[in-house]
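Structural characterization, general
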Amino acid sequence: DKIIRIWGKEGDKWVCKSILAEGHQRTIRSVGWSPCGNYLASASFDATTNIWSRKEGEFECIASLEGHENEVKAVSWAPTGLLLATCSRDKSVWIWEVTEDEEYECASVISSHTQDVKYAVWHPTREMLASCSYDNTIKLFKEEIDDWTCCNTLESHTSTVWKISFDQTGHRIVSCSDDKTLKIWQEYLPGNPEGIDTIGKESAWKCVCTLSGYHNRVIYDVDWSHSNGLIVSACGDECIRVFREEEISDKNQPSFSLVCTQNRAHSQDVNSVAWNPKEPGLLASGSDDGDVKLWEVVLD
Amino acid sequence: MASNFSGALQLTDLNDFITPSQECVKPVKIDRKPGKVAKIRIEDDGSYMEVAESGEEKKLQKAQITLNDCLACSGCITSAESVLITQQSQEELYNVLQENLRLQQASEVNKKKLVVVSISPQSRASLATKYQLSPQEAHHKLTGFFKKLGVNHVFDTSFSRNFSLLESCREFVRRYYESETNKTALPMLASSCPGWICYAEKTHGSYILPYISSTKSPQQIMGSLVKDYFAAKQGQTPDRIYHVTVMPCYDKKLEASRQDFYSDLYGTRDVDCVITTGEVEKMLEKENVTLGQVEGNTAYCVLSGFGSPDGGLGSHLGGGSGGYLEHVMRYAVSQIHGSSVDSLQYKTLRNQDFQEVTVEIEGKRPLKMALAYGFRNIQNIVQKIKRGKMTYDFVEIMACPSGCVNGGGQIRPMEGQTNNELLQRVKESYDSVPCVQPDLWPGVKDIYEEWLGGVDTEKARAMLHTQYHGVEKVASALNIQW
């Protein structure tokens with residue numbers, strides 16, 4: 001509905017604190033808080049990305065990032081808060097720099113993917129970007145000399161990769177796909193004891209686990225908790241599932257098991273899930289049915 | 001399908017939605033007669049015959065789509081630029097040369113076309129590097145190579161670049177003085193890069209076009225020189241000349257096919273065919289010869305680009321993309337302040353492809369100019385203009401990172417050689433040609449007088465300047481906001 005709603009907890013209830021309307025002309029596909037929490041970025045099908053600044057509880061649109069040829073699918077802030085990444089159906093990933101006077105300038109336009117780029121997210125600690133696409137691949141990007149380039153391409157999924165999430169260490173990635181699987185990717189640094197080949201100073205990434213047979217439809221979202229390591233998935237079969245790595249698990253061939261399934265979490269496709277960064281076990285889900293639901297995962 | 005166009009062009013023609021019902025935007029005049037039903041029969045030779053109810057047969061005219069039509073429309077299934085680009089290739093040149101040969105043998109010499117090839121200095125540097133020759137040697141051998149194939153004359157676009165630089169300088173100073181009353185006089189944006197122009201026309205339309213310099217690129221000025229000045233000297237009409245240019249990129253093929261560079265009167269283009277440096281390499285391979293083996297030909301005329309006082313090749317200050325900033329700044333300082341600058345200090349900003357030059361002017365605000373190469377830097381320039389935060393008076397905009405010497409049509413690195421290593425060597429080759437001020441090149445002043453009747457005449461404006469057209473996005477199934 002082209003509107004952004006900010007929700008806050010008041011006592012026991014969650015209340016809609018602000019409504020940001022008239023920021024975009026079309027669907028808002030993705031939003032993201034800056035690391036400091038004072039800014040919000042919103043990416044829209046109208047090909048722009050807006051930056052909202054929070055001042056005393058009120059939000060003001062302070063910048064509009066233009067340049068993408070068509071629908072922007074995602075926006076992500078780097079941990080430093082000085083870089084942003086946006087990705088679009090125009091197959092490109094753009095990197096933006098925040099200047100001293102709060103201006104947002106294009107630092108790079110990366111045309112590495114061959115199809116619609118669904119999502120882009122920064123590494124939790126390094127200045128590295130990951131993106132995934134309708135071209136079935138996941139790509140990693142780093143700044144080299146003067147420009148950003150693709151340093152790794154992760155191929156294994158047989159259909160659109162909708163979303164990726166780094167684990168807390170940043171050495172692993174979980175990805176979800178239209179091929180109804182979740183895949184776990186492990187980073188192997190140069191000189192790794194496992195003997196995995198690496199090129200120069202670049203790490204290699206290998207798919208070390210595939211979770212198949214759990215989901216009945218396309219998996220739209222996945223999130224790896226940085227507090228307790230749980231992985232949550234959002235599926236077109238209306239279910240939310242939580243996975244956990246088993247106690248006895250080989251780093252190079254990890255085993256993950258399904259902890260719980262919430263059937264009929266929503267009455268339509270579950271489009272997104274996210275762990276609360278502060279409260280372990282608390283997660284939010286969004287759906288085509290128009291609801292946002294909050295869930296508590298209780299482990300025995 | 002490999003896309004060799006500059007990054008700016010590639011991003012403006014993207015679509016992964018295939019809608020079979022998408023109408024081609026080409027305004028083919030289809031005479032729709034309501035109420036009549038007819039059948040279409042496809043003949044053995046592939047032509048289409050319309051068979052009316054009465055049995056009357058009519059051959060249907062083939063719909064013709066030109067390169068330019070497809071530039072305007074983003075709706076087709078394929079990336080049209082890539083498909084139609086094959087119309088302009090070394091194959092076409094071979095066809096024309098073969099036709100000439102056939103006419104020669106059939107004693108129909110009068111029907112032959114005069115074939116002219118104009119080589120860009122960036123292509124020459126790329127070829128010189130690959131075949132380990134000096135630019136001078138490369139020029140002589142390329143002349144020899146083309147002439148042996150039947151080409152009549154070989155020129156150098158460094159010569160026509162003089163006009164492009166001089167006109168840009170004069171245009172800037174004029175706009176500088178106009179800027180007090182005209183809001184869109186400054187910043188002036190360079191116009192010689194077709195990748196930039198096509199992007200500006202398609203994406204930013206009438207908003208940004210007033211800022212773009214009206215001066216033609218060296219390729220197109222050479223087109224005017226060859227088809228108007230040279231043709232007259234040869235006693236030929238423009239359509240009797242087949243003009244080929246050798247360029248470092250594919251975007252130049254699109255520039256040559258612009259409607260503005262087509263003469264309705266003679267039914268001919270100023271530049272008939274653009275071949276890339278890589279395509280010349282293919283020609284050499286086809287002829288089974290390396291450039292070093294070719295016998296050089298030292299024939300030349302004023303258009304051959306021998307601008308150096310010692311009678312050798314000449315070049316211009318300011319880098320491998322023509323040196324527009326360098327020349328515009330120096331000229332502006334000399335005109336506005338009456339002084340000359342020894343050397344310009346370039347300050348690198350966010351990246352190597354974004355540099356600025358500031359020159360203080362006594363009693364006035366300083367002159368600030370910038371180089372912006374590559375799509376990401378073009379973005380920032382355009383956005384700054386849009387938001388009214390532009391601080392530069394002139395920007396030399398080029399679509400390719402590192403400029404024209406790094407164009408998409410240049411010869412690729414060899415096995416084991418990195419892009420950067422090759423680029424450095426091509427730059428060295430390019431820079432090894434001595435620089436001469438545009439107004440001091442032999443022939444430049446004379447041609448202004450003889451051909452154009454002087455500087456700033458009506459003919460000069462017609463021959464050396466052009467205009468731009470914003471592309472309206474056609475409402476179609478694809479553009480509907482879902």
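Residues numbered from 1 in each chain as written. Chains lettered and ligands numbered in written order. Predicted model: local features only at pLDDT ≥ 70, side-chain atom pairs only at ≥ 80, totals over all residues. Heavy atoms only, no water.

1. Here we look at the overall build of chain A
Assigned secondary structure in chain A consists of zero helices and 25 strands. On C-alpha atoms alone, chain A measures out to a radius of gyration of 19 Å, which is about the 19 Å that the 2.2 N^0.38 rule sets for 300 residues. In terms of overall dimensions, chain A has C-alpha extents of about 50 × 50 × 30 Å along its principal axes. Across the 300 residues of chain A, 53% fall into the buried class. For chain A, the share of sequence-separated contacts (at least 6 apart) that also reach a separation of at least 24 residues comes to 42%. Total accessible area computed for chain A in this model is approximately 13800 Å², and 45% of it derives from carbon and sulfur atoms. On chain A, the mean spot of the 29 positive side-chain charges and the mean spot of the 48 negative ones are 5 Å from each other. (Helix = DSSP H or I, 4+ residues; strand = E, 2+ residues; numbered from the N terminus. Rg over C-alpha atoms; globule rule 2.2 N^0.38 Å. Buried < 20%, exposed > 50% of the residue type's maximum accessible area, 1.4 Å probe, protein only. Contact = heavy atoms within 4.5 Å. Areas by Shrake-Rupley, 256 points an atom, 1.4 Å probe, with all protein chains shown as cover. Lys, Arg positive; Asp, Glu negative; His and termini not counted. Charge placed at Lys NZ, Arg CZ, Asp CG, Glu CD.)

2. Side note on the UniProt feature "repeat: WD" (unreviewed entry) in chain A
Residue and element names in this part refer to chain A. As annotated in UniProt, the feature "repeat: WD" (unreviewed entry) corresponds to residues 21-53, 65-106, 110-142, 154-186 and 263-300 in the numbering used here. For residues 110-142, helix accounts for 0% and strand for 58%, while the C-alpha atoms at its two ends are 11 Å apart. For residues 263-300, the end-to-end C-alpha separation is 19 Å, with 0% helix and 45% strand making up the annotated structure. (UniProt positions renumbered as here; feature names shortened; annotations may be inferred.)

3. Concerning the interface of chain B and chain A
On the side of chain A, 26 residues touch chain B, which itself brings 23 residues to the contact. When chain B packs against chain A, the two sides together hide about 2100 Å² of surface, and 38% of this comes from carbon and sulfur. For the interface between chain B and chain A, the tally reads seven salt bridges. Between A:D147 and B:R376 there is a salt bridge, with its nearest N and O atoms 3.2 Å apart. Counting across the interface, chain B meets chain A through eleven residue pairs in polar contact (both at pLDDT 80 or more). Taken together, the residues that form the side of chain B that touches chain A break down as five nonpolar, nine polar and nine charged. (Buried area = accessible area lost by both parts, 1.4 Å probe. Salt bridge = Lys/Arg side-chain N within 4 Å of Asp/Glu carboxyl O. Polar contact = N/O pair within 3.5 Å; in protein donor to acceptor, adjacent residues only side chain to side chain. Nonpolar A, V, L, I, M, F, W, Y, C, P; charged D, E, K, R; others polar.)

4. What about the sheet that holds strand β5 (residues 153-156) of chain B?
Picture the strands of a sheet paired through backbone hydrogen bonds; they go either parallel or antiparallel. All names here are of chain B. Taken together, four strands build an open sheet; the order of strands is β5-β4-β7-β10 and the sheet is parallel. The two strands at the open ends of the sheet, each matched to only one other strand, are β5 and β10 (273-276). Neighbour to neighbour, the strand axes of the sheet diverge by 25° on average, direction disregarded. By the bridge criterion, four bridges tie strand β4 (residues 114-119) to β5 in an arrangement that is parallel. For V117, the partnering residue across the bridge sits in β5 and is V154. In the packing of helix α9 (residues 218-234) onto the sheet, the strands contacted are β4, β5, β7 (241-247) and β10, and the crossing angle to β7 comes to about 150°. (Pairing = 2+ DSSP bridges. Axes fitted to C-alpha atoms, helices over the stretch in contact; angles between N-to-C directions.)

5. Here we look at the packing of aromatic side chains
For the structure shown, the criterion picks out 20 aromatic pairs over all chains. Taking the centre distance of 6.0 Å and the plane angle of 55° together, the rings of A:W33 and A:F59 count as tilted. Of this pair, A:W33 sits in strand β3 (residues 28-33) while A:F59 sits in strand β6 (residues 58-65), and the two are 26 residues apart along the sequence. Residue A:F59 is classed as buried on the basis of its relative accessible area of 13%. Aromatic side chains A:Y214 and A:F243 sit 5.2 Å apart centroid to centroid with 85° between the ring planes, which places their arrangement in the edge-to-face category. Of this pair, A:Y214 sits in the loop between β18 (204-211) and β19 (219-224) while A:F243 sits in strand β21 (residues 240-245), and the two are 29 residues apart along the sequence. Relative accessible area serves as the criterion here: at 28%, A:Y214 is assigned to the partly exposed category. Site record: aromatic cluster; members linked through ring pairs are A:W94, A:W96, B:Y199 and B:F375. (Phe/Tyr/Trp six-rings, centres within 6.5 Å; stacked < 30°, edge-to-face > 60°.)

6. Some details on a nonpolar patch on the surface
Residues and elements named next belong to chain A. On the surface, W7, W14 and L294 cluster together to form a nonpolar patch covering roughly 320 Å² of accessible area. With respect to the element layout, W7 can be found in strand β1 (residues 4-10). Overall, the relative accessible area of 46% leaves W7 in the partly exposed class. (Patch = residues over 30% accessible without salt bridge, like charges linked within 9 Å, V, L, I, M, F, W, Y side chains within 5 Å.)

7. Regarding the pairing of strand β8 (residues 83-88) of chain A
For a regular strand, the rule is simple: side chains alternate between the two faces of the sheet. Residues and elements named next belong to chain A. Most of β8 sits out of view: six of its six residues are buried. Going residue by residue along β8, you find L83, A85 and C87 tucked away on one face and L84, T86 and S88 tucked away on the opposite face as well. Here strand β7 (residues 72-77) runs beside β8; their pairing, made up of five bridges, is antiparallel. Following the sheet pairing, S76 is matched in β8 by A85. Hairpin geometry of β7 and β8 is characterised by an intervening segment of five residues between the two adjacent antiparallel strands and by a positive phi of about 80° at G81. As paired elements, β8 and strand β9 (residues 93-98) share five bridges and run antiparallel to each other. Its bridge partner being in β9, C87 is matched across the sheet by V93.

8. What to know about empty space enclosed by the protein
All names here are of chain B. Scanning the model with the defined rule gives two cavities of 30 Å³ or more in all. A volume near 260 Å³ is recorded for the largest cavity. In this structure, the largest cavity is lined by 24 residues; those nearest its centre are Q122, S192, P248, K252 and C404. Those elements that provide at least two residues to the lining of the largest cavity are α5 (121-130), α7 (157-178), α9 and α10 (251-256). (1 Å grid on protein atoms, 1.4 Å probe; cavity = no way out; pocket = protein on both sides within 12 Å on 5 of 7 lines; lining within 4 Å. Points joined across faces, edges and corners; volume = space filled by probe spheres on them.)

9. What to know about the packing of helix α8 (residues 194-204) of chain B against helix α13 (residues 375-386) of chain B
All names here are of chain B. It is the contact of α8 with α13, at a shortest axis distance of 12 Å, that shows an interaxial angle of 50°. Taken together, the axes of α8 and α13 lie oblique to each other. With respect to the hand of their crossing, α8 and α13 are arranged in right-handed fashion. Across the interface between the two elements, W196, Y199 and H204 from α8 touch F375, I378, Q379 and V382 from α13. By residue class, the composition of the contact of α8 with α13 is five nonpolar, two polar and no charged. (Parallel < 35°, antiparallel > 145°, perpendicular 65-115°, else oblique. Left-handed = near helix turned anticlockwise from the far one by under 90°.)

10. Structural notes on the nonpolar core
One finds B:F172, B:L189, B:W196 and B:I381 to be the most contacted residues of the largest nonpolar core, which totals 66 residues. A per-element tally of this core places helix α12 (residues 324-336) of chain B first, with seven residues. Contact partners of B:I381, with chain neighbours within four places excluded, come to B:L189, B:F354, B:A372, B:M390, B:Y392, B:V395 and B:I397. Formed by 30 residues, the second largest nonpolar core is a distinct cluster that contains A:A85, A:A107, A:L140 and A:I164. (Core = buried A, V, L, I, M, F, W, Y, C linked by side-chain atoms within 4.5 Å.)

11. Focus: helix α4 (residues 90-105) of chain B
Residue and element names in this part refer to chain B. Between the first and last C-alpha of α4 there are 23 Å, a value that for 16 residues agrees with the 22 Å anticipated at 1.5 Å per step. Where α4 is concerned, the buried positions are Q90, L93, Y94, V96, L97, N100 and L103. Against the buried residues of α4 lie β4, α6 (135-149), β7, β10 and α11 (277-286). Of the residues one or two after α4, S107 is the one with positive phi, at around 60°. (Expected span 1.5 Å × (residues − 1).)

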